[in-house]
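Spelled out, the chains give:
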Amino acid sequence: METITYDPKPLTANQLQRLSQEVKQALTELYGERLDQVILYGSYARGDFHAESDVNYLVVLRDEVVKHGGEIRFMGSHIGELSTNYDLFIAVKPVPMQKYRFSQLPFYQNVRREGIAL
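Figured I'd write up the structure that's included with this text. (Residues numbered from 1 in each chain as written. Predicted model: local features only at pLDDT ≥ 70, side-chain atom pairs only at ≥ 80, totals over all residues. Heavy atoms only, no water.)

Some points on the pairing of strand 1 (residues 35-41)
Next, step 1: For strand 1, the buried fraction is high: six of the seven residues fall into the buried class.
Next, step 2: Inspection of the sheet shows strand 1 paired to strand 2 (residues 55-61) by six bridges, in the antiparallel sense. Pairing of Gln37 across the sheet is with Val60, part of strand 2. (Buried < 20%, exposed > 50% of the residue type's maximum accessible area, 1.4 Å probe, protein only. Helix = DSSP H or I, 4+ residues; strand = E, 2+ residues; numbered from the N terminus. Pairing = 2+ DSSP bridges.)

What about the pairing of strand 2?
Next, step 1: Along strand 2, seven of the seven residues are buried, which leaves the element largely enclosed by surrounding structure.
Next, step 2: Here strand 2 runs beside strand 3 (residues 90-96); their pairing, made up of seven bridges, is parallel. If you follow Val60 over to strand 3, its bridge partner there is Val95.
Next, step 3: Crossover handedness for the path strand 2 to helix 3 (residues 68-86) to strand 3: right-handed. (Right-handed = clockwise from strand over helix to strand, strands pointing away.)

Some thoughts on the nonpolar core
Next, step 1: The biggest cluster of nonpolar side chains holds 23 residues, and the ones touching the most others in it are Leu19, Leu27, Val55 and Tyr57.
Next, step 2: Residue assignment for this core shows that the elements contributing at least two residues are helix 1 (13-31), strand 1, helix 2 (43-46), strand 2, helix 3 and strand 3.
Next, step 3: Within the second largest apolar cluster, nine residues are counted, among which are Ile39, Tyr100, Tyr108 and Val111. (Core = buried A, V, L, I, M, F, W, Y, C linked by side-chain atoms within 4.5 Å.)

Focus: the packing of aromatic side chains
Next, step 1: Within the structure shown, the criterion is met by four aromatic pairs.
Next, step 2: Arranged with centres 5.3 Å apart and planes meeting at 85 degrees, the rings of Tyr41 and Phe107 form a pair that is edge-to-face. Here Tyr41, found in strand 1, pairs with Phe107, found in helix 5 (residues 106-114); they are 66 residues apart in sequence, far enough to count as distant.
Next, step 3: The buried category is assigned to Tyr41, whose relative accessible area is 13%.
Next, step 4: Assessed through its relative accessible area of 29%, Phe107 is described here as partly exposed.
Next, step 5: A ring pair is formed by Phe107 and Tyr108, whose centres lie 5.0 Å apart and whose planes are at 80 degrees; its orientation type is edge-to-face.
Next, step 6: Relative accessible area serves as the criterion here: at 3%, Tyr108 is assigned to the buried category.
Next, step 7: Each member of the aromatic cluster is reached from another via a ring pair, and the members are Tyr41, Phe107 and Tyr108. (Phe/Tyr/Trp six-rings, centres within 6.5 Å; stacked < 30°, edge-to-face > 60°.)

Here's the deal with the side chain of Asp63
Next, step 1: Mapped onto the elements, Asp63 comes out in the loop between strand 2 and helix 3.
Next, step 2: Reaching out from Asp63, the side chain makes a polar contact with the side chain of Arg34 at a distance of 2.6 Å.
Next, step 3: Beyond its immediate chain neighbours, meaning those up to four positions away, Asp63 contacts Arg34, Glu71, Pro96 and Met97. (Polar contact = N/O pair within 3.5 Å; in protein donor to acceptor, adjacent residues only side chain to side chain. Contact = heavy atoms within 4.5 Å.)

Side note on the pattern of salt bridges
Next, step 1: All chains considered together, the criterion is met by seven salt bridges.
Next, step 2: As a salt-bridge pair, Arg34 and Asp63 come within 2.6 Å of each other at their nearest N and O atoms. Of the two residues, Arg34 sits in the loop between helix 1 and strand 1 while Asp63 sits in the loop between strand 2 and helix 3, which places them 29 residues apart along the sequence.
Next, step 3: Residue class for Arg34 comes out partly exposed when judged on its relative accessible area of 30%.
Next, step 4: The partner of Arg101 in a salt bridge is Asp36, and the shortest N-O contact between them spans 3.4 Å. Of this pair, Arg101 sits in helix 4 (residues 97-102) while Asp36 is found in strand 1, placing the two residues 65 residues apart along the sequence.
Next, step 5: The exposure class assigned to Arg101 is partly exposed, which follows from its relative accessible area of 40%.
Next, step 6: Taken together, the shared-partner salt bridges in this structure form one network comprising Arg34, Asp63 and Glu71. (Salt bridge = Lys/Arg side-chain N within 4 Å of Asp/Glu carboxyl O.)

Okay, here's the thing in structure tokens:
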């Protein structure tokens, strides 16, 4: 019987850059003019990631209201394919542009402070 080993590795800077470009391209093709920006946030944006860290992207849409579940399903096959290709979990959080820009919730304040716009 073959032994299966689990040896995760964090993304290199080049892999992260390539993944981020692919995420932005896929979302631009899906959303067109609805897409305001894509922002890398979390441990990969701060630089304190580890081998099992996921990669987090805030998907800022120009819509007044964003139905999170529907948008995640809309992105699902594209993001899922990238997750498989890079062998890691990619988390996407769709949000209306106004909420991202003006919300005083600590989450959005942190993303505005630490996030990296793609």
